[in-house]
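Take a look at the letters that make up each chain.
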Amino acid sequence: MSRTEAPPLPEPLRVPVADSHTHLDMQDGTVEEGLARAAAVNVTAVVQVGCDVKGSRWAAETAAVHPSVHASVALHPNEAPRIVHGDPEGASRQGAREPGGKAALDEALAEIDALAALGHVRAVGETGLDYFRTGPEGVAAQEESFRAHIEIAKRHGKALVIHDREAHADVLRILADAGAPERTVFHCYSGDAEMARICAAAGYFMSFAGNVTFKNAQPLRDALVVAPAELVLVETDAPFLTPAPYRGRPNAPYLIPVTLRAMAEVRGTDEDTLAAAVYDNTARAFDF
């Protein structure tokens, strides 16, 4: 079996569900093909997430022409330091770039602000902190960008989508300090059960991805058990984090049923009940 070969279509869900976080612009095939495959297994809505100015524009444009696509716009936490300090190695998809300083970050944030005002843009994100890919020198730029996104989300009445990688305490601190928007989503939830209790008390949504099926992910499954039913979402983060048994192969929204069934088993509930709750939660979180 080729590592690059797309996994087969799973058995369709009986109850429609939404993919709360995907990157259609990074997946093979056309948007129409991706949405058709998703619809074939009863994944009837997706949130398309931008990670930079170009990707956020694309998300907004795609949502404008596809009723089942809802856009989220942002500068990814790793994008902010690249804008400010430059990226001489060209580590990102955009290749090498010169340092732009605070002025370039302000300009990019102004573009995200303008996109966030659009009706079919439902959220601001993914934003937050990433201490895995960005070293200490990038933390200030990440935090400045994160705080700006929080303010944009609140001003436009949009959901906030959090990217939190190895930065739990600081993400929670900044949200509490700045005042989180009414609807805040922890994308690809990566905390433990204790953090899930903190998120639940604050009313934050927790979105679980394919990594909840990985052998070494017991802390994630423990968190899923304690997360309140009304705050649980499901996502692909496609083309990344493909659920077992297809780990390492390309992910796409049509694989949501694989993750959702695993989640239902962990929670000790039936898939129809979980799918219905997740769809309602996603529609509430993203106001669609």
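Attention here is on the structure that accompanies the text. (Residues numbered from 1 in each chain as written. Predicted model: local features only at pLDDT ≥ 70, side-chain atom pairs only at ≥ 80, totals over all residues. Heavy atoms only, no water.)

On a plain count of helices and strands, the protein comes out with ten helices and eight strands. Here the C-alpha atoms of the protein give a radius of gyration of 18 Å, agreeing with the 19 Å that 2.2 N^0.38 yields for 288 residues. Burial statistics for the protein: of 288 residues in total, 54% are counted as buried. Across the protein, every contact between residues at least 6 apart in sequence was considered, and the portion connecting residues at least 24 apart equals 71%. Averaging the locations of the 26 positively and 40 negatively charged side chains of the protein gives two centres separated by 2 Å. (Helix = DSSP H or I, 4+ residues; strand = E, 2+ residues; numbered from the N terminus. Rg over C-alpha atoms; globule rule 2.2 N^0.38 Å. Buried < 20%, exposed > 50% of the residue type's maximum accessible area, 1.4 Å probe, protein only. Contact = heavy atoms within 4.5 Å. Lys, Arg positive; Asp, Glu negative; His and termini not counted. Charge placed at Lys NZ, Arg CZ, Asp CG, Glu CD.)

Applying the stated criterion across every chain yields a total of 14 salt bridges. For the salt bridge of R57 with E111, the shortest nitrogen-to-oxygen distance reads 2.8 Å. In this pair, R57 sits in helix α2 (residues 53-65) while E111 sits in helix α4 (residues 101-116), placing the two residues 54 residues apart along the sequence. By relative accessible area, which is 37% here, R57 ends up partly exposed. With relative accessibility at 26%, the residue E111 sits in the partly exposed group. Between E144 and K102 there is a salt bridge, with its nearest N and O atoms 2.9 Å apart. Taken as a pair, E144 in helix α5 (residues 139-156) and K102 in helix α4 lie far apart in primary sequence, 42 residues in all. The exposure class of E144 is partly exposed, given its relative accessible area of 32%. (Salt bridge = Lys/Arg side-chain N within 4 Å of Asp/Glu carboxyl O.)

Because each turn of an α-helix spans 3.6 residues, side chains separated by three or four positions end up pointing in the same direction. Taking 1.5 Å of rise per residue, the 13 residues of α2 would be expected to cover 18 Å, and the 19 Å separating its terminal C-alpha atoms lies within 8% of that figure. Turning to α2, its buried residues are V53, G55, S56, A59, A60, T62 and A63. In this fold, the buried residues of α2 make contact with α1 (31-40), β2 (43-49), β3 (69-73), α4 and β4 (121-130). One side-chain oxygen at the N-terminal end of α2 lies 3.3 Å from the backbone nitrogen of K54; it belongs to D52. (Expected span 1.5 Å × (residues − 1). Polar contact = N/O pair within 3.5 Å; in protein donor to acceptor, adjacent residues only side chain to side chain.)

Right, let's talk about the environment of A227 for a bit. Looking at where A227 falls in the secondary structure, it is placed in the loop between α8 (218-226) and β8 (232-234). A relative accessible area of 2% places A227 in the buried class. The spacing of A227 and M195 is 32 residues in sequence and 9.7 Å in space, taken between C-alpha atoms. Not counting the four nearest positions on each side in its chain, A227 is found in contact with M206, V232 and R267.

For the rest of this paragraph, the subject is helix α7 (residues 193-202). Within the sequence span of α7, burial applies to A193, M195, A196 and C199. All buried residues of α7 project into a common sector of 150° when viewed along the axis, lining one side. Against β5 (159-165), α6 (168-178), β6 (184-186), β7 (205-208) and α8 lie the buried residues of α7. Where α7 begins, the side chain of D192 points an oxygen toward the backbone nitrogen of E194, at a separation of 3.3 Å. Phi turns positive, to about 80°, at G203, one or two residues after α7. (Arc of directions from axis to C-beta.)

Sheet architecture is open: eight strands sit in the order β1-β2-β3-β4-β5-β6-β7-β8, paired in parallel fashion. On the outer flanks of this sheet lie β1 (17-22) and β8, each paired with one strand and no other. In this sheet, adjacent strand axes meet at a mean angle of 30° when their direction is disregarded. (Pairing = 2+ DSSP bridges. Axes fitted to C-alpha atoms, helices over the stretch in contact; angles between N-to-C directions.)

Another aspect to go through is the nonpolar core. V17, F146, L175, F186, Y189, F208 and F286 are the most contacted members of the largest nonpolar core, which totals 82 residues. Here F146 is in contact with T127, G128, L129, L160, I162, V171, I174 and L175, once residues within four sequence places are set aside. (Core = buried A, V, L, I, M, F, W, Y, C linked by side-chain atoms within 4.5 Å.)

Take E235: it is sitting in the loop between β8 and α9 (256-267). In terms of polar contacts, E235 uses its side chain to reach the side chain of S207, at 2.8 Å. Discounting residues that sit within four places of it in the chain, E235 has contacts with D19, S20, H21, H187, C188, S207, F208, A209, G210 and I256.

A few words on the state of the cysteines. In the structure shown here, the tally under the stated rule is zero disulfides. No disulfide involves C188; its sulfur sits 12 Å from that of C51, the nearest cysteine. Of the residues examined, C188 reaches a relative accessible area of 13% and is grouped as buried. Looking at the unpaired C199, the closest cysteine sulfur is the one in C188, lying at 13 Å. (Disulfide = S-S within 2.5 Å.)

A few words now on the pairing of β2. Most of β2 is tucked away: six of the seven residues are buried. By the bridge criterion, four bridges tie β1 to β2 in an arrangement that is parallel. When the sheet's bridge partners are listed, T22 is paired in β2 with Q48. Regarding topology, α1 serves as the crossover connection from β1 to the parallel β2, and that connection is right-handed. Here β2 pairs with β3 via four bridges, running parallel. Residue pairing in the sheet places V47 in a bridge with H70 of β3. (Right-handed = clockwise from strand over helix to strand, strands pointing away.)

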